[in-house]
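# Secondary and tertiary structure notes
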Amino acid sequence: MSNAGNTVSAKDRVLIFDTTLRDGEQCPGATMTFEEKLEVADMLDMMGVDIIEAGFPIASDGDFEAVSAIAGRIKRATVAGLARAISADIARAGEAVRHAARPRIHTFVSTSPIHLQHQMRKSEEEVLEIITRTVTQARNLVEDVEWSGMDATRTPIDYLCRAVETAIKAGATTINLPDTVGYATPDEYRAMFKAVRERVPNADRAIFSAHCHNDLGLAVANSLAAIEGGARQVECTINGIGERAGNAALEEIVMALRVRGDVMPYDTGIDATYLMRASKAVSSACSFPVQYNKAIVGRNAFAHESGIHQDGMLKHQQTYEIMTPASVGVTKTSLVMGKHSGRAAFRSKLTEMGYTLGDNQLEDAFTRFKALADRKKHVYDEDIEALVDENLATAHDRVKLVSLTVIAGTRGPQRAMLKLDIDGRVVAEEAEGNGPIDAVFNAVKALVPHEAVLELYDVHAVTEGTDAQAEVTVRLGQNGAAVTGRGADPDTLVSSCKAYLAALNKLVARGSRVHAQAAE
Ligand SMILES: CC(=O)SCCNC(=O)CCNC(=O)[C@H](O)C(C)(C)COP(=O)(O)OP(=O)(O)OC[C@H]1O[C@@H](n2cnc3c(N)ncnc32)[C@H](O)[C@@H]1OP(=O)(O)O
Ligand SMILES: CC(C)C(=O)C(=O)O
């Protein structure tokens, strides 16, 4: 089990280049305000990101301002600004990162035939000249220059090697070979890095970097394969946000390397205990919800609903978790109560909630819990509380609900068909009423004649949603005294009936004049 703290071992160090504020922000709808960008940048710096790509300064004045401000405040990480292979872009990026403690200009140009022909409309030779000119310009502004060959994975290897060699010769210190359109497979991507590093004569003068998109869901797998192929920088984003299907997710790369250090002997400088906080910060800054089943930071990443898993987790955490929640900044594992839960988890939940039930009561409550969970999407603690409290209270009831069917709607009269168990005998009655609840109460009164008066009827939803448990309170008054009964059920009519019966049972227990018909 990983203890994913901030320790970087003797393993090979992989630099984390975070592009949440640049490529991440490029996904539709993810635009962040100036203040939000500063907040995210501070968080990235705090968690140990090596390079923060703060934006694309030529894109807008707002982007320029944000990159400049981030460059001015970040003291530890390198701050990079993106630039096309255009002189004005590079000058603007250089200006934006000028005040950074560690400034970087990241310039890129297409290398694939499809891009050269259709987007750049330039020949291979012309692009090589552009690389020399633009990387040299960037290098005259800052020491740290990254060059990217856009669409590298659809570029013939011979030309890619020539482009890389040219960029290094012009002064690039980092060479990024992006899978711009998320097309590569892990084997191909690993082999590409290996081949370029072996074939380019000056390859040892640069750090190689991977930048993967998730169009085929392979971004993280490809990033890890690139590391095996010799990349020592990976470009990624928090929550995997980014152009189209997104970029490789930072948290997944970091934790894959931590947890599987046995087969991937590499590590990063990231303090993984910040991962959840960073995920929430980015999700809220760009109003992008994190999918529930997202690895590491999804709300279900450390949640277990099925009984067998919950039983295993209660016996030993490593039965179904490969990292501790604390290692990624998640407060704790959650055992979610639902239709797949078993007795072990139910018992543990009740203990956690302060209930100690005997075996029979527990079995009874579990049966009712399963019935509720079958009808209800989310079973909250309040649901269980309502269910158990009612269960405890009704243990000695003489009058119990067996079944209830109600015909309601616009075409009255409303009619209730009720079966009760009274002292072990099942009796039935049908009654009409002025509304379905009146019909139910009339049926009860027919089976359990009494003189008590309904003093209060109150209904409220215990939990959220249209499938919420309705909790009904009924107060019955007789001879100046009153009793209150409660009932909970997703069906308001059933909870009304239960509440009425609960109140009647209290009257029976007090010896009031209530005629439990079957008992007579
Ligand atoms: C894979 C990536 O993520 S690359 C980064 C993508 N990010 C963005 O595009 C976000 C920011 N972009 C922008 O704000 C704008 O596109 C700008 C400011 C950069 C450019 O705006 P415009 O000047 O209006 O150009 P427009 O966006 O319409 O077209 C892009 C131009 O850049 C050219 N171009 C694209 N990439 C490069 C490059 N790496 N180097 C040089 N030129 C490039 C295109 O060929 C096209 O040129 P053309 O107009 O001569 O045909
Ligand atoms: C600018 C480059 C690195 C890029 O974002 C890509 O190729 O996806």
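Analysis parameters
- Residues numbered from 1 in each chain as written.
- Chains lettered and ligands numbered in written order.
- Predicted model: local features only at pLDDT ≥ 70, side-chain atom pairs only at ≥ 80, totals over all residues.
- Heavy atoms only, no water.
- UniProt positions renumbered as here; feature names shortened; annotations may be inferred.
- Buried < 20%, exposed > 50% of the residue type's maximum accessible area, 1.4 Å probe, protein only.
- Helix = DSSP H or I, 4+ residues; strand = E, 2+ residues; numbered from the N terminus.
- Contact = heavy atoms within 4.5 Å.
- 1 Å grid on protein atoms, 1.4 Å probe; cavity = no way out; pocket = protein on both sides within 12 Å on 5 of 7 lines; lining within 4 Å.
- Points joined across faces, edges and corners; volume = space filled by probe spheres on them.
- Patch = residues over 30% accessible without salt bridge, like charges linked within 9 Å, V, L, I, M, F, W, Y side chains within 5 Å.
- Areas by Shrake-Rupley, 256 points an atom, 1.4 Å probe, with all protein chains shown as cover.
- Salt bridge = Lys/Arg side-chain N within 4 Å of Asp/Glu carboxyl O.
- Phe/Tyr/Trp six-rings, centres within 6.5 Å; stacked < 30°, edge-to-face > 60°.
- Lys NZ or Arg CZ within 6 Å of the ring centre and 35° of its normal.

Per an unreviewed UniProt entry, the protein is named 2-isopropylmalate synthase, and its organism is Bosea lupini. Listed in UniProt under the heading Subunit (unreviewed entry), the comment for the protein reads: "Homodimer." Taken from UniProt, the Function (unreviewed entry) comment for the protein reads in full: "Catalyzes the condensation of the acetyl group of acetyl-CoA with 3-methyl-2-oxobutanoate (2-ketoisovalerate) to form 3-carboxy-3-hydroxy-4-methylpentanoate (2-isopropylmalate)."

### What to know about helix 10 (residues 275–285)
Inspection of helix 10 places L275, M276, A278, S279, V282, S283 and A285 among the buried residues, and these make up the whole buried set. Taken together, the buried residues of helix 10 touch helix 1 (34–47) and helix 9 (250–259). Directly after helix 10, the chain includes S287, whose backbone phi takes a positive value near 50°.

### Looking at the layout of surface pockets
Of the voids in this model, the largest pocket is the one considered here, and its volume is about 910 Å³. For the largest pocket, the lining is made up of 36 residues, of which R299, A303, S334, L335 and V336 are closest to its centre. Among the secondary structure elements, those contributing two or more residues to the lining of the largest pocket are helix 10, strand 11 (303–304), helix 11 (307–315), strand 12 (334–335) and helix 12 (343–352). When residues in the lining of the largest pocket are grouped by element, the largest group, four residues, is from helix 12.

### Digging into unusual backbone geometry
Positive phi, close to 50°, is recorded for S287, a residue that is not glycine. If you trace the backbone, S287 turns up in the loop between helix 10 and strand 11. Judged by its relative accessible area of 60%, S287 is exposed. Unlike most non-glycine residues, D423 shows phi in positive territory, near 50°.

### A look at a nonpolar patch on the surface
Side chains of L454, Y457 and V459 sit close together on the surface and give an oily, nonpolar patch of about 230 Å² of accessible area. As for its placement among the helices and strands, Y457 is situated in strand 16 (residues 453–461).

### A few points about the packing of aromatic side chains
Two aromatic rings, taken as a pair, are described by how far apart their centres are and by the angle between their planes. Applying the stated criterion to the full structure yields seven aromatic pairs. An angle of 70° between the planes, with centres 6.3 Å apart, marks the rings of F56 and F108 as edge-to-face. Of this pair, F56 sits in the loop between strand 3 (51–55) and helix 2 (61–73) while F108 sits in strand 5 (residues 103–110), and the two are 52 residues apart along the sequence. Grouping residues by exposure puts F56 and F108 together as buried. Relative to F369, the ring of F366 has its centre 6.0 Å away and its plane inclined at 35°; by these criteria the two rings are tilted. Of this pair, F366 and F369 both sit in helix 13 (residues 359–375), three residues apart, roughly one helical turn. You'll find F366 and F369 in the same group, each marked buried. Here the aromatic cluster, defined as three or more aromatic residues joined through ring pairs, consists of F346, F366 and F369. Between R92 and the ring centre of F64, over which it is positioned, the NZ or CZ distance is 3.7 Å. Above the face of the Y292 ring, R299 is positioned so that its terminal group lies 3.9 Å from the ring centre.

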